[in-house]
Structures are given as structure tokens and as C-alpha cells.
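Residue-level listing of the chains:
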There are 2 protein chains.
Amino acid sequence: MSTISKENYLKTIFNNSIDSGSNATATKLANDLSVSTAAITDMAKKLSEEGLVTYEKYRGMELTSSGEKAALKIIRRHRLWELFLKEVLEMSWSEVHDEAEKLEHHTSEFLIDKIDMYLNYPDFDPHGHPIPRKNGTIPKTPNVMPLSQGEKGMFCEFVRVNDKDSELIDYLAKVGFILNSKFEVVDKLAFDKSLSIKFNNKILSLSKKITESIFIRLVKN
Amino acid sequence: MSTISKENYLKTIFNNSIDSGSNATATKLANDLSVSTAAITDMAKKLSEEGLVTYEKYRGMELTSSGEKAALKIIRRHRLWELFLKEVLEMSWSEVHDEAEKLEHHTSEFLIDKIDMYLNYPDFDPHGHPIPRKNGTIPKTPNVMPLSQGEKGMFCEFVRVNDKDSELIDYLAKVGFILNSKFEVVDKLAFDKSLSIKFNNKILSLSKKITESIFIRLVKN
DNA sequence: GAATAAAGTTAAGCTTGCTTAAATAAAAAA
DNA sequence: TTTTTTATTTAAGCAAGCTTAACTTTATTC
Ligand SMILES: [Mn+2]
Ligand SMILES: [Mn+2]
Ligand SMILES: [Mn+2]
Ligand SMILES: [Mn+2]
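About the criteria used
- Residues numbered from 1 in each chain as written.
- Chains lettered and ligands numbered in written order.
- Predicted model: local features only at pLDDT ≥ 70, side-chain atom pairs only at ≥ 80, totals over all residues.
- Heavy atoms only, no water.
- Buried < 20%, exposed > 50% of the residue type's maximum accessible area, 1.4 Å probe, protein only.
- Helix = DSSP H or I, 4+ residues; strand = E, 2+ residues; numbered from the N terminus.
- Pairing = 2+ DSSP bridges.
- Donors = N, O, S within 2.8 Å, 3.2 Å for Na, K, Ca; no water.
- Core = buried A, V, L, I, M, F, W, Y, C linked by side-chain atoms within 4.5 Å.
- Contact = heavy atoms within 4.5 Å.
- Buried area = accessible area lost by both parts, 1.4 Å probe.
- Polar contact = N/O pair within 3.5 Å; in protein donor to acceptor, adjacent residues only side chain to side chain.
- Nonpolar A, V, L, I, M, F, W, Y, C, P; charged D, E, K, R; others polar.
- Phe/Tyr/Trp six-rings, centres within 6.5 Å; stacked < 30°, edge-to-face > 60°.
- Near = heavy atom within 4 Å.

A few points about the pairing of strand β4 (residues 155-161) of chain B
Residue and element names in this part refer to chain B.
- The buried fraction of β4 is high, at six of seven residues.
- As paired strands, β4 and strand β5 (residues 182-188) are joined by three bridges and run antiparallel to one another. Paired with C156 across the bridge in β5 is F183.
- Judged from the five bridges that link them, β4 and strand β8 (residues 214-218) form a sheet pairing that is antiparallel. Looking across to β8, one finds that V161 is bridged to I214.

Here you go:
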């Protein structure tokens, strides 16, 4: 049976495999979900009994195709809610994530499809993440890379930001560096790997920690 | 601490006291909440320890003022969600209740106030129930009475319907008998207490069970 | 005012999703 | 390869919110 907790596990396992490529480890999941590793082991057994993940002791977990399908359903709800709250109810970029984190578990298929239709079947959420479609496909993302890999002289577009930390997003909004901003990398310090970028004729210096949470694509020019 | 279960208990206790006047009995609550009476006794102790209800063994429960405040918060969320889902997302009269039943427990004060503003601070939900305001007051309801108390010759307006059973609401929508319909009671059978009403030049016969779920006010003419 | 029926409470136990502490396996270092 | 460190699992236990079954109180009927 599906529960809030299980839905969160599936979602986290999915996101983990997206950006690590390999199996989700207990330590990483425990950290992301703010529970003990013992809790992870516990849940691994349950999810694997339900055929949602494959699990071998000491070898981590991986979503099965049915587990992935379930994960995408939750992620779809999450991202559609985020966009809806921002576009329709004018909540800010930084507020929508926490609210969506709750609503995603209490939304019928019928309702989420209404929201999807209302928004005219959007492809991306307010942070630039692709919104899984009803049929399970995922909109193609541009050729993204973390800004931390940017080099002096590059012309880029800001296409995605990590939405887990609202303080960062608030800061970026405050200085006017928002999604789809075009900018140039004007400097990169070897000392601390911080970057200086130029947009709207402003210069902004961003620490390595920040540039790792911002994703960009190269603008061809 | 507030939990989904406690919120549902408080709401149910409140609604019970509204239409029974007296204390909420274990049997009634158990029935409304679909749990055993043992569960009610259990929760009675917890809620009374938290100061949300007064409880004396074998004497039922009653909301304290802080319990009532908490109940109104949930009811406010429920009814605002119902109206929002109907007006904005075009869900039907009969579908919104079940959806709101879930969303009401996962909506921040900030979000519900946004919804309230979006709807321009409405006074009534789609079923004619008053929406508690942010400050805790409740919109005045017209002088309502159950249609079952109607008599031949009365001219009435349909102002409220019990939203717990979606089949009834669907039926009423299908025959076009919707909120704010004006009608005349053209007959009342002593045999089964059923009523015949006339609206839009149609005659509709309603059983006693149905007329007890429909609330009206007398139209002065 | 007994006897009976109905309502409410207590006791014991279950499931979910956690925890901490101890044990064990795997990986890294020496 | 042996030792040490790190990661994972197991074991025991807790809180919430239920259940059923047995028991007690209150209400109703004669
Ligand atoms: Mn998010
Ligand atoms: Mn979540
Ligand atoms: Mn309702
Ligand atoms: Mn509810």
C-alpha cells in the first residue's frame, strides 16, 4: 500500500539515481530523508516486497519500472503544484516547494490533471525542473550543467536551481538573478572556486557552494 | 500536537454540537468518524489533556474555546478549498468534498489566506455552508430549516445541502435542482412524508430521507 | 427498584515508521 | 594480508491510532 512515507522514499530514490547515476546508498537516503540508516534498511525491505525497488543487502536499492512509475507520479504532482501556487496564487519562488511537499501526497489523479490542464500542460516547474507528463514521459531538458563548471568568458542562461533551500532562492530573487537570466562568466578565482558573473550590467560574485546549486546551459554566441 | 486525526475529531465534534446542540456522544462520533467507540474514548483523553475539549467519563465531550478555534481553522480550510476547486478548477459540486477532506490538513495559513483573497473573501461554500473567517467569526446564515419541515404551499429557496453523500448531490445536479433554486412545495404525503416541489415548471418528488438533507429558507411572498 | 438493554470504558494487542545501541559486513589503509 | 574505518543491518523499543473482547456504568423497562 502506498503511504506518504513510501512516496517520499520513492521520490528521493529517483532523484538520487538521477544525479548520481548509480544505486541509492543508505547513508545518502538517510541524509536526504532526515531519518536513521536503520529506517532506510527497514523501508528497503518493505519496498522490495512490494516490487517497487530491487534490494540486496549492503548493495543499496534501485527502482523497478513500477517503482519509477510511482515516483514520477509524485514528482509530477509536486512540480505541478509548485507552478500552480506560483502562477495562480502568486506564491514566491521560494515558498512553493515546502507547500508542494505536503500537497503532493493528497491530490487525486483527477485533480492534478485539472491543474495540468489549467496551466496548459507546462513542461517546467518554477525552478526549471521538468514536469513528468501523465503518460510517464519527461520533457527534454536542455543541455544543462552546474554553473560550478563554468569558465571565464562563457555566455550562459540560468535554467535550473536546486529548490531544497529557500534561503538561496530568496537571495537570488532579491538580487534579480532569476530563471532564464542570460549572463556572462567574467571571472573565476582559483583560490576558492568562486565565480563572478555579469547580468543586466551588474556583477555578482557567487561562492562554489552556490554555483553547485545553479544549473545553466551555454548560449551559442 | 496537532495531527490529521485530531483535526478530524475536532471538526466532527464541532459539527455535532452545531446540529445536536448538546455534547457529542461516543456512539455518534464513532459513527461519523468510522472508528470504534474505544478509539473515541482514547482520543477523548488526549484531547482533554491538551485542553481542546472538556471530558468527563460517560458524559461525552465538548469543545473548549481553544478547541473550537482549532475546529474552525480546519472547517475554514475545508470550505475554502471546496469553493476554490469548484470555481477555479471546475470540479463538480459532488467531487469537491472528498478532495477538500484531504487538502484541509495540509494547507498552511499563508496558502489558505491566498485562496481566500483569490476568491474575494467568500461567505459560503458550494453547498451553502458558511466559511469561518480568519478572525474566527462565522458569516450569518439565513433563517434555515430542513426541507422536511416544509408544508404544502410554501415558497422556498434552496440554501444548503448536506455534502457528505455525493450521490445525492449528483442526483440533484442532474435534475437541475441546485443551490439558490426557488421553488414551491406543491404536495406533502402523510403516507411517507415525501414532498413534491415545483421549480422551473418541473415537478420533483423527494423522499423524507432526501428532504432531511436539504435546507431552505422561506421566501417572503 | 430490579432486571435488562444500551452506551461507554478498559485491557491487550496490532501496524507503521521511526529511534538508539550493538553486531556485522564491506571498503580503505597500512 | 591484516588492521582500521566506514557503511549497513539487526535487535529492541517507542508513540500514534487504531482494533476486538471483556467489563462497567448509565438508561430504560417492567
Ligand atoms: Mn520542489
Ligand atoms: Mn513529500
Ligand atoms: Mn464538505
Ligand atoms: Mn479531514
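Some words on the coordination of the manganese ion (ligand 4)
All names here are of chain B.
- Protein coordination at the manganese ion (ligand 4) comes from N8 (OD1), E101 (OE), E104 (OE) and H105 (NE2), with a distance range of 1.9 to 2.3 Å.
- Spacing between the donor residues of the manganese ion (ligand 4) along the chain follows N-x92-E-x2-E-H. An identical accessibility class is assigned to E104 and H105; each is buried.

Side note on the nonpolar core
- Residues W81(A), F84(A), I115(A), W81(B), F84(B) and I115(B) are the most contacted members of the largest nonpolar core, which totals 32 residues.
- Of all the secondary structure elements, the ones that give two or more residues to this core are α4 (65-87), α5 (96-103) and α6 (109-118) of chain A together with α4 (65-87), α5 (96-103) and α6 (109-118) of chain B.

A look at the interface of chain A and chain B
- Contact residues are listed per partner, giving 19 residues for chain A and 19 residues for chain B.
- A combined buried area of about 1,700 Å² lies between chain A and chain B, and 70% of that area is made up of carbon and sulfur atoms.
- Of all residues in chain A, L89(A), H106(A) and L111(A) bury the most surface against chain B, accounting for 32% of the area lost on that side.
- Counting the contacts that link chain A with chain B gives six residue pairs in polar contact (both at pLDDT 80 or more).
- Of all elements in the fold, only α4, α5 and α6 of chain A reach the threshold of two or more residues within the side of chain A that touches chain B.
- Sort the elements by how many residues they give to the side of chain A that touches chain B and α6(A) lands first, with five residues.
- Looking at the side of chain A that touches chain B, its residues break down into 11 nonpolar, three polar and five charged.

Regarding the packing of aromatic side chains
- This model, assessed by the stated rule, comprises 14 aromatic pairs over all chains.
- Here the aromatic rings of W93(A) and F158(A) are separated by 6.3 Å at their centres, their planes lie at 65°, and the arrangement is edge-to-face. Of this pair, W93(A) sits in the loop between α4 and α5 while F158(A) sits in strand β4 (residues 155-161), and the two are 65 residues apart along the sequence.
- A ring pair is formed by F177(B) and F183(B), whose centres lie 5.3 Å apart and whose planes are at 80°; its orientation type is edge-to-face.

Topic: the protein's contact with DNA strand C
- Taken together, the neighbourhood of DNA strand C is formed by 20 residues, with T3(A), S36(A), T27(B), K45(B) and Y55(B) sitting nearest.
- For DNA strand C, the fraction of protein-proximal atoms (within 4 Å) that sit in sugar or phosphate groups is 80%.
- With respect to DNA strand C, the side chain of T3(A) contributes an N or O atom lying 2.5 Å from a phosphate oxygen.
- Here T27(B) contributes a side-chain N or O atom positioned 2.3 Å from a phosphate oxygen of DNA strand C.
- If you list the elements that add at least two residues to the surface near DNA strand C, you get α1 (4-20) and α3 (37-49) of chain A together with α2 (26-33) and α3 (37-49) of chain B.
- Partitioning the surface near DNA strand C into residue classes produces nine nonpolar, seven polar and four charged.

A word on the protein's contact with DNA strand D
- Around DNA strand D, the structure places 22 residues, and the nearest of them are T27(A), Y55(A), K57(A), T3(B) and S36(B).
- The share of sugar and phosphate among atoms of DNA strand D within 4 Å of the protein is 81%.
- Here a phosphate oxygen of DNA strand D and a backbone polar atom of Y58(A) are 2.8 Å apart.
- Contact between DNA strand D and Y9(B): a phosphate oxygen at 3.1 Å from a side-chain N or O atom of the residue.

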